[in-house]
Amino acid sequence: MLNPENLTVDELLEKLKVDSKTGLTDKEVLQRRSEYGANSIPLAKKRTAWEIFLSQFRNVIVILLVVAAVVSYFFGDFYEAIAIVAVILINAIIGFILESQANKSMNALKQLEQPNSKVIRNASLVHIPIQDLVPGDIVSFEAGDLIGADARLIEVNSLETNEAALTGESLPASKKTERIDEKVSIGDQANMVFRGTSVTRGNGLAVVVFIGKDTEIGHVSSMLDEAQAEELPLNKKLDKFSRTLIWLSFVIMIPFIGIGLLESKDLYLLIETAIALVVAAIPEGLPIVATIALASGMLRLSKKKVLVRKLAAVETLGGTNIILTDKTGTLTENQLEVVETSPDRKDINSFEKLKEIMVLCNNASLNQDNKHVGDPVEIALLLWAEKSSPKSVQQYRKDWKKSGEIPFESETRIMTTFHKHEGITQASMKGSTTDVIKNCNYYLQNGLVKEIDEDIKNYWLDQTKLLSSKGLKVLAGAYQISENSTFEKADKLIMAGLVGLQDPARPDVFEAISECHTAGIQVVMVTGDHPETSRTIAENIGIITEDNKLVVQGKDLTFGENENTDILSASVFSRVSPEQKLKLVEYYQAQGFVVAMTGDGVNDAPALKKADIGVAMGLRGTEVAKEAADMILQDDSFSSIVTAIKQGRIIFTNIRNFIIYLLSCNLSEILVVSFAAFLSWGSPLLPLQILFLNIVTDVFPALALGMGQSNKNSVLEKPRTINEPLLTKDHWKSLIVYAIIITVSVLGVFYYSSRVMGLGETQTNNIAFFTLAFAQLFHPFNLIKRGENLLTNGIVRNPHLWASIVFCSILLIGASSISPFNTLLTLDFPSKDMWLLILGGSLVPIPSIYFLKALRLIS
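Residues numbered from 1 in each chain as written. Predicted model: local features only at pLDDT ≥ 70, side-chain atom pairs only at ≥ 80, totals over all residues. Heavy atoms only, no water.

**Structural notes on the pattern of salt bridges**
At step 1: Per the counting criterion, the structure on display carries 20 salt bridges.
At step 2: Across the salt bridge formed by arginine 121 and aspartate 137, the nearest N and O atoms sit 2.7 Å from each other. Separated by 16 residues along the polypeptide, arginine 121 in strand E1 (residues 116-121) and aspartate 137 in the loop between strand E2 (124-129) and strand E3 (138-142) bring together distant segments of the chain.
At step 3: Judged by its relative accessible area of 10%, arginine 121 is buried.
At step 4: Residue aspartate 137 is classed as buried on the basis of its relative accessible area, which comes to 0%.
At step 5: Here lysine 430 ties to glutamate 378 by a salt bridge, and the two come within 2.8 Å at their closest N and O atoms. (Salt bridge = Lys/Arg side-chain N within 4 Å of Asp/Glu carboxyl O. Helix = DSSP H or I, 4+ residues; strand = E, 2+ residues; numbered from the N terminus. Buried < 20%, exposed > 50% of the residue type's maximum accessible area, 1.4 Å probe, protein only.)

**A look at the nonpolar core**
At step 1: Residues Val308, Ile323, Leu331, Ile543, Met631, Phe638 and Phe658 are the most contacted members of the largest nonpolar core, which totals 71 residues.
At step 2: By residue number, the principal contributor to this core is helix H22 (residues 638-678), which donates 17 residues.
At step 3: Each residue touching leucine 331, except ones within four places of it in the same chain, is listed here: Thr325, Asp326, Ala505, Arg506, Val509, Ile513, Met525, Ile541, Ile543 and Phe638.
At step 4: Ala69, Leu277, Leu747 and Ala775 belong to the second largest nonpolar core, which has 50 residues in total. (Core = buried A, V, L, I, M, F, W, Y, C linked by side-chain atoms within 4.5 Å. Contact = heavy atoms within 4.5 Å.)

**Some points on a negative patch on the surface**
At step 1: Judged by side-chain charge, Glu451, Asp453, Glu454 and Asp455 come together as a negatively charged surface patch.
At step 2: By the secondary structure assignment, aspartate 455 is in helix H16 (residues 454-468).
At step 3: You can call aspartate 455 exposed: its relative accessible area is 58%. (Patch = residues over 30% accessible without salt bridge, like charges linked within 9 Å, V, L, I, M, F, W, Y side chains within 5 Å. Areas by Shrake-Rupley, 256 points an atom, 1.4 Å probe, with all protein chains shown as cover. Lys, Arg positive; Asp, Glu negative; His and termini not counted. Charge placed at Lys NZ, Arg CZ, Asp CG, Glu CD.)

**Section: the pairing of strand E17 (residues 493-502)**
At step 1: Of all the 10 residues making up E17, 9 are buried; the element is thus mostly covered by neighbouring parts of the structure.
At step 2: Direction of pairing for strand E10 (residues 337-342) relative to E17: antiparallel, over a ladder of 5 bridges. Across the sheet, valine 338 pairs through a bridge with leucine 501, a residue of E17.
At step 3: Pairing between strand E14 (residues 440-445) and E17: 3 bridges, direction parallel. (Pairing = 2+ DSSP bridges.)

**Topic: H16**
At step 1: Under the 1.5 Å per step criterion, the end-to-end length of H16 is 21 Å for 15 residues, consistent within 8% with the ideal 21 Å.
At step 2: Looking only at H16, the buried set comprises Ile456, Trp460, Gln463, Thr464, Leu467 and Ser468. Summarising the axial view, the buried residues of H16 lie within an arc of 135°, below the 170-degree limit, and thus occupy one face. Exposed residues pointing more than 90 degrees away from the buried face of H16 are listed as Glu454, Asp455 and Asp462.
At step 3: Check the buried side of H16 and you find it contacts E10, helix H15 (433-437), E14, strand E16 (473-482), E17 and helix H18 (531-541).
At step 4: The N-terminus of H16 is capped by aspartate 453, whose side-chain oxygen sits 3.2 Å from the backbone nitrogen of aspartate 455. (Expected span 1.5 Å × (residues − 1). Arc of directions from axis to C-beta. Polar contact = N/O pair within 3.5 Å; in protein donor to acceptor, adjacent residues only side chain to side chain.)

**Brief notes about the packing of aromatic side chains**
At step 1: In the structure shown here, the tally under the stated rule is 15 aromatic pairs.
At step 2: When the ring of tyrosine 459 is compared with that of tryptophan 460, the centres are 5.2 Å apart and the planes differ by 65°; the resulting orientation is edge-to-face.
At step 3: What makes tryptophan 460 buried here is its relative accessible area of 4%.
At step 4: With a centroid separation of 5.2 Å and an interplanar angle of 40°, the aromatic rings of phenylalanine 781 and tryptophan 802 are classed as tilted. Placement of phenylalanine 781 in the loop between helix H26 (761-778) and helix H27 (799-817) and of tryptophan 802 in helix H27 is noted, with a sequence separation of 21 residues between them.
At step 5: A residue is classified by how much of its surface remains accessible, and phenylalanine 781, at 12% relative accessible area, is buried.
At step 6: Of the aromatic side chains, those joined through ring pairs into one cluster are Phe692, Phe769, Phe770, Phe774, Phe778, Phe829 and Trp835.
At step 7: A cation sits over an aromatic face here: lysine 353 above tyrosine 479, 4.5 Å from the ring centre.
At step 8: Here the basic side chain of lysine 853 rests over the ring of tyrosine 850, its NZ or CZ set 5.6 Å away from the ring centre. (Phe/Tyr/Trp six-rings, centres within 6.5 Å; stacked < 30°, edge-to-face > 60°. Lys NZ or Arg CZ within 6 Å of the ring centre and 35° of its normal.)

**Section: the sheet that holds strand E21 (residues 595-599)**
At step 1: Taken together, 8 strands build an open sheet; the order of strands is E8-E23-E22-E21-E9-E18-E20-E19 and the sheet is mixed. Of all the strands in the sheet, just strand E8 (306-308) and strand E19 (551-553) have a single pairing partner and so form its edges. Direction aside, the axes of adjacent strands within the sheet are offset by 20° on average.
At step 2: As paired strands, strand E22 (residues 613-617) and strand E23 (residues 631-633) are joined by 3 bridges and run parallel to one another. Residue pairing across strands places methionine 617 opposite leucine 633, the latter belonging to E23.
At step 3: Of the strands in this sheet, strand E18 (522-526), E19 and strand E20 (572-574) touch H18, which is tilted by about 155° from E20.
At step 4: Helix-sheet contacts for helix H19 (residues 578-590) involve strand E9 (322-325), E18, E20 and E21, and the interaxial angle to E21 is about 170°. (Axes fitted to C-alpha atoms, helices over the stretch in contact; angles between N-to-C directions.)

Written out as structure tokens, the structure reads:
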């Protein structure tokens, strides 16, 4: 369809064969989907399995191994050259499997995140995934929604959209429904909305005209190119560790070759061992294992109703030490119900008028299957009206035809609609009592309209405070009648009354908050609700304690030179605006806190982006808030945030463990070969043996450590500080001590087997090789924290770790028993006496390390 902006609404609806009141039928949707396809934009071509496999050969380790193979071939050792080529292939296969698994995990995560649209189909307003939109769909949207397709506007109420993604214009674009006569650029198409943009103000209806690759953003789909993988801060740190080890190996390698030449050792063996040392120093599995650990943690969280949108956010989760949380639906059940009104049924005229206002000033929709669409507060008001009146919601809306609306905004805290009935126009207003009553000159009592004064205003404010003290959310309702067809201004309204909605606290929230306090996490309620409502709920769920009962209102919040000194000691902030939420986030961050912030509205997006962890609501959150957030709660529950923080701590501990494991194992290999060379003890490890150890003991146990679960006590520890590095000085100290103890144990059995037992060169080499291999397989148990139960900690209870130890043990035994592997690796199956020495040497590091931990010399 060409230029829908140049058609009138009626012309376009006729062309698309759709009624704006009833929308498309299911049959019509199927026909159009068959004709136009899915509403999706082809992304950058994914890498094929072959491309992933070939990429494994483009790294430093492969270059070094190729050099080693060439050196072997040059010196006439064809078998070793073939063996090194085999190592390159095995290394590539393992890398391919791991990277494919990481990609699979990330793709699974992307499938979990599917934005929705509200559409009219079969005369009902329903939620559908954006990719299910078809041309002719009637789409409803309001502030905070993402636009899922290019659509022509047919109704607007103060509608503005953010089109920066398309036009680069930072200011919101005002929208209208009138047709445009001439051809204009995208930025001037005021009667169109476009895929990828968002609604910043107001609401409206539009008919879909273009989907998928036919949308404006589809034409420039390179904007959505996802070929570049997310660059993880963690991987940058891991690369830094790897470079440090490489330089260390070069520092050791140069004197190693020099000493070897002075002792007239074989040049070929010296070069091969030097290359093997550098290869051993490159823990190339680190980035991939890190990605898998993060992605698997994210998938675990998704099963607990927590969708983490960014891998990097998982790193931050474990360090969160303050949660700024909304009240409604997060701490409460979001099962709103009208339980009290003022006036009550005794003043039947005011009661019925209040009900009428709450139905008319309302954009929610009740459906027969209880899949109601709209804001939970507005749905609760409709259900109350439906239940308490012989007149149905449908009848109210049939009698009164909507002619306009001033949408709710957080700054004004009111919403106003305009309806016509039998020649008169009524303005209906609902919102906070304080803001509604400002616009009222009169009030309704027993069917009579009376002039309002300060005493009456104070009466309504006192009634609001009374209802709020019971933990109820309070809304005021007012109206104004005009004989004219339009209102110039609705500012002389008649106060009709108050509605009190109950939203009980979630049953699990008290325990979750208690866990936070135990774990050193401060919980602060930040809400736009009445201070008394906020206080009552906060007291009931344990946010307010005997030691701290301070509630700060938004009007008292000041920052900068006149900063409010009560901020850090307050547990509740009420009547807070979105701008103040952003200021609070910035304030706490300036004090050194790692801030998690919840939000659901379009105006919460800046605060969500600014927070260290932005948390959006999956059920009631706007699509804009979800896009700005790092994490989405699919059940809107506060307990899910606590679960996410627990998992974040577990994931971070796992990452730290496998980094310490890999680096200490690689360092021990370097030290064993280097010290033996400097002491002129011969060759405890041959080049191919080092390469084999790297493949076997580096990847599988490290991967298992990355997938472990922690015990309850460790997740309840105090959170780490914001400036704490991935590995602290204590971790580096422990890592080096681990490597030295393993080195001493391996060199000890090597020396004993050679000098005391008098075994030959091959046998002593084999003993050193197997001792180091099994010492590294048992090494994860050295990572158990001091004070943890030796039988019930997360490492011992990790089934993946036990499986990796068994698997790697089978590989080691097979390598010494199966030809030609045993020939290439210069391995023979050890005798009984040799096995006793190997097992003893590989187990010695464990009690030695625990002894040092008991003395508090290492952590």
